[in-house]
Amino acid sequence: MARLLFKLAQVPDDEAQDIRALLDEHQISYYETDAGFFRVGLDAIWLADGAQEERARELIREYQAERVIRQQQNYAQLVEAGQVPNVWQLFCAQPIRFIASASAIIFVAGLTLLPFVMLLRR
């Protein structure tokens, strides 16, 4: 019976490609489904044979642990090189978008806190 192994929704293309290569390398048979035109289905990698599930999951756990370390190292290098934008740089790059986002956050926070403020005034 087929077993869901890995959901591909919002997964970067390089990570999905690495997972496919990992499964191919270890000769684990799998197939993929996509969500379809109306995005009703599920983008995922499925195992054709449930007997290989534990081995496949362990390989993916190891891969993802290594990927986390690599991504953290890459981010640290970008921070050291000064290539990660700070708040001021984000504002300067797109001031209207920044102001609109900040206004939306303040508006939602205000609506959320309004009932509590009204209770305090009683």
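Just so it is clear, the model here is predicted, and its values are computed rather than measured.

Trainee: Would you mind going over the sheet that holds strand E2 (residues 30-33) in detail, with residue names and values included?
Mentor: The pairing of strands in a sheet happens through backbone hydrogen bonds and is either parallel or antiparallel. Strand order in the open sheet made by the three strands is E1-E3-E2, with antiparallel pairing throughout. Where the open sheet ends on each side, the last strands, each with one partner, are strand E1 (3-7) and E2. Strand-to-strand twist of the sheet, defined as the mean angle between neighbouring strand axes without regard to direction, takes the value 30°. Of the strands in this sheet, E1, E2 and strand E3 (44-47) are in contact with helix H1 (residues 13-25), which crosses E2 at around 155°. Sheet strands touched by helix H2 (residues 53-81): E1 and E3. Its angle to E1, the strand with the most contacts, is close to 10°.

Trainee: Give a detailed account of H2, specifying residues and quantitative values.
Mentor: Helix length check: H2 (29 residues) gives 41 Å between terminal C-alpha atoms against 42 Å at 1.5 Å per residue, within 8%. Considered for burial, the residues of H2 that qualify are Glu53, Ala56, Leu59, Ile60, Tyr63 and Arg67. One or two residues past the end of H2 sits Gly82, with phi positive at roughly 75°.

About the cut-offs
Residues numbered from 1 in each chain as written. Predicted model: local features only at pLDDT ≥ 70, side-chain atom pairs only at ≥ 80, totals over all residues. Heavy atoms only, no water. Pairing = 2+ DSSP bridges. Helix = DSSP H or I, 4+ residues; strand = E, 2+ residues; numbered from the N terminus. Axes fitted to C-alpha atoms, helices over the stretch in contact; angles between N-to-C directions. Contact = heavy atoms within 4.5 Å. Expected span 1.5 Å × (residues − 1). Buried < 20%, exposed > 50% of the residue type's maximum accessible area, 1.4 Å probe, protein only.

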